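Breakdown of the fold
In case you want the letters, here they are:
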Amino acid sequence: MCVYFRPIVRFDGPRPAEAIDLAGGPGWFSHAVRLSRDRAPQTVSVDEIPDDFRERLSAPRTPMAGLVFDRPRVMGILNVTPDSFSDGGLHQTASQAVQRAHEMAAAGADIIDIGGESTRPGALTVPHEAEIARVEPVITALSRELATPISIDTRKSSVAEAAVRAGAALVNDVSGFTFDPMLARYCRDHGLPVCVMHARGDPETMQSDPRYDDVLLDVYDFLAAQVAMLVETGIPRSRILVDPGIGFGKRIEHNLTILQNIALFHGIGCAVLVGASRKRFIGTISGAETPAERTFGSVAVAQAVAAQGVQVVRVHDVSETAQALAVWRAIAQGTYP
C-alpha cells in the first residue's frame, strides 16, 4: 500500500519544538495528513512520517535559473502566439513581446516564461520551425536587455536548443517530458533546470471527459515517476520543478482537489510551481466570463498556494500578484521591505 503525506503548512507562531522546516523555507509543519487509496485521510504528527518522506519534505530547495526559494517567486507568462487562450495575438510581434517582458520585469517578475505554441484546450501542434521563429528573436533581445532570467515553454528539443542558444535558462515542458524523448537528454547535457508538468492527453484532446481513479494521487504518482526518470537520465532532483498542471486534462473538481492539497507535492522533493492564472475554472466559480476579467480570482489562487509553501506561481498579472504576495508575507511572516 502506497502512503502519502500532505504537510499542514504554517508560517505563524508559536512554533512547537518538534516542528520541521518545509523545503528549507520559512514555512513549517508539525503535523501532516496521511493519504492512501484505500483508507480515509488521517492527521498524524511528524514523528509518524517515514524518514525518506520527511527528508524530501524538509530538504532545502536549491536555487535554479536565478531563483532563490526564500519566498514565493512570480513567473510572468509571455505567449508569442496568435491563439493562446488569454493573451493570444497581444504580443505576437517581437517588439510587442519585448515591451511586455520589460513591463513584467518592472512589475516584479522573478522569471519570464516565453512560449511560441498555444497549449489551450483544442490547440493544434505547431511545427518546430514556426515555434522557433516566434520565440528566438524575443529571447535574443531580452537576454541582452534584461537581467531577469528567461524560461522557454516548449515540448520540443529543437525549440529548447534554439531558445537556450538565445539566452533561456530553464526548460518548462507541459507534456512532462513525454512528447519528445530527446528533450530530457538535451537538458541533461547542457545542465539546464527543468519544469515537469502533468497533463492528461495533449492540448487538442485533453478536456475530452478526463477521468482519474484519484486525481490527487494519480497526478502525484505521474510527477514522481517522471522526476525519477529525469534523475535516472542525469538531471539532479535539485534542478527540477514540478507542476500539477491545473486545467490540463482536468475538470473543475479535479483542479480544486489539487489546489486544496497542493502541499502534498512537496513530498516529491522538488520545488513546486502552480500555473492557474485566468483559467476557466476561475471564471466558472466567479462568473468572470473572459480571461482578462479573472485577475482577482487568479491572485486569490496564487495567495492560497503560497500559504501552502508553493515556491513559484506562473501568472499573467504580475504586478497584482507580486503586490498581493508581498502583503500576504508581511501578515503571515512579518517580512516586509
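So, how was this worked out
Residues numbered from 1 in each chain as written. Predicted model: local features only at pLDDT ≥ 70, side-chain atom pairs only at ≥ 80, totals over all residues. Heavy atoms only, no water. Helix = DSSP H or I, 4+ residues; strand = E, 2+ residues; numbered from the N terminus. Rg over C-alpha atoms; globule rule 2.2 N^0.38 Å. Buried < 20%, exposed > 50% of the residue type's maximum accessible area, 1.4 Å probe, protein only. Contact = heavy atoms within 4.5 Å. Areas by Shrake-Rupley, 256 points an atom, 1.4 Å probe, with all protein chains shown as cover. Pairing = 2+ DSSP bridges. Right-handed = clockwise from strand over helix to strand, strands pointing away. Axes fitted to C-alpha atoms, helices over the stretch in contact; angles between N-to-C directions. Parallel < 35°, antiparallel > 145°, perpendicular 65-115°, else oblique. Nonpolar A, V, L, I, M, F, W, Y, C, P; charged D, E, K, R; others polar. Polar contact = N/O pair within 3.5 Å; in protein donor to acceptor, adjacent residues only side chain to side chain. Core = buried A, V, L, I, M, F, W, Y, C linked by side-chain atoms within 4.5 Å. Phe/Tyr/Trp six-rings, centres within 6.5 Å; stacked < 30°, edge-to-face > 60°. Lys NZ or Arg CZ within 6 Å of the ring centre and 35° of its normal.

Counting secondary structure elements, the chain contains 10 helices and 13 strands. Taken over C-alpha atoms, the radius of gyration comes to 19 Å for the chain, in line with the 20 Å a tight globule of 337 residues would show. Reported as C-alpha extents along the three principal axes, the dimensions of the chain are approximately 55 × 45 × 40 Å. For the chain, the proportion of its 337 residues judged to be buried stands at 55%. Contacts in the chain between residues at least 24 apart in sequence constitute 68% of all its contacts with a sequence separation of at least 6. In the form shown here, the chain has an accessible surface area of approximately 14,000 Å², with 51% of it arising from carbon and sulfur atoms.

Side chains I240 and V242 of strand β11 (residues 240–243) all project onto a buried face; the interleaved residues L241 and D243 project onto the opposite face, where all are buried too. In the sheet, β11 pairs with strand β12 (residues 271–274) via 2 bridges, with the strands oriented parallel. Counted as the bridge partner of V242 is V272 from β12. Tracing the backbone out of β11, into helix α7 (residues 252–260) and back to the parallel element β12 gives a crossover that is right-handed.

Glancing now at the packing of helix α4 (residues 157–166) against helix α5 (residues 181–189). It is the contact of α4 with α5, at a shortest axis distance of 8 Å, that shows an interaxial angle of 30°. Relative to α5, α4 is oriented roughly parallel. Contacts from S157, A160, E161 and V164 of α4 reach α5 at M182, L183 and Y186. Classifying every residue of the contact of α4 with α5 gives 5 nonpolar, 1 polar and 1 charged.

Here the focus is the side chain of R73. Tracing the backbone shows R73 in strand β6 (residues 73–79). Given a relative accessible area of 12%, R73 falls into the buried group. Looking at R73, its side chain comes within polar contact range of the main-chain oxygen of V68, at 2.8 Å. Other than its neighbours up to four places away in sequence, R73 contacts L67, V68, D110, Q311, V312 and V313.

Let us look at the nonpolar core. Soluble globular proteins tend to pack their nonpolar side chains together in the buried interior. Ranked by size, the top nonpolar core spans 87 residues in total, and within it I114 and F265 carry the most contacts. For this core, the leading source of residues is helix α6 (residues 215–233), giving 8 residues. The residues contacting F265, other than those within four sequence positions of it, are L216, V219, Y220, L223, V242, P244, I258 and V272. M64, M75, I111 and V312 belong to the second largest nonpolar core, which has 12 residues in total.

Here we come to unusual backbone geometry. Backbone geometry follows two general trends: most residues other than glycine have a negative phi, and most peptide bonds adopt the trans configuration. Looking along the chain, the bond that leaves G13 and enters P14 is cis, with omega of 0°. In this fold, P14 is placed in the loop between β1 (4–7) and β2 (20–21). A positive phi angle is found at A23, which is not glycine, with a value near 55°. Structurally, A23 is set in the loop between β2 and β3 (28–29). Among the residues examined, A23 registers a relative accessible area of 5% and is labelled buried.

Position of A330 relative to the elements: it lies in helix α10 (residues 318–333). Taking the C-alpha atoms as reference points, A330 and G201, 129 residues apart in sequence, are found 40 Å from one another.

Here we come to the sheet that holds strand β13 (residues 312–315). Pairing is parallel in the closed barrel, where 8 strands are placed in the order β6-β7-β8-β9-β10-β11-β12-β13. Across the sheet, the mean angle from the axis of one strand to that of its neighbour is 25°, orientation sign disregarded. In this structure, strand β7 (residues 111–115) lies alongside strand β8 (residues 150–153), joined through 4 bridges in parallel fashion. Among the inter-strand pairings, G115 is bridged to a residue of β8, identified as D153.

A few words now on the packing of aromatic side chains. Applying the stated criterion across every chain yields a total of 4 aromatic pairs. Aromatic pair Y4 and Y220: ring centres 5.3 Å apart, planes at 90°, arrangement edge-to-face. Here Y220 lies in helix α6 and Y4 lies in strand β1, a separation of 216 residues in the sequence. Each member of the pair, Y4 together with Y220, is buried. For the ring pair F11 and W328, a centre distance of 5.2 Å and an interplane angle of 85° mean the geometry is edge-to-face. You can see F11 sitting in the loop between β1 and β2 and its partner W328 sitting in helix α10, a full 317 residues away along the chain. We note that F11, like W328, is buried. Through a chain of ring-to-ring contacts, the aromatic side chains of Y4, Y220 and F265 assemble into a single cluster. Directly above the ring of F53 sits R56, whose terminal nitrogen or CZ lies 4.8 Å from the centroid. Here the guanidinium or amino end of R200 rests over the ring plane of Y212, the centre of that ring lying 4.1 Å away.

By themselves, these observations are geometric and do not establish any function.
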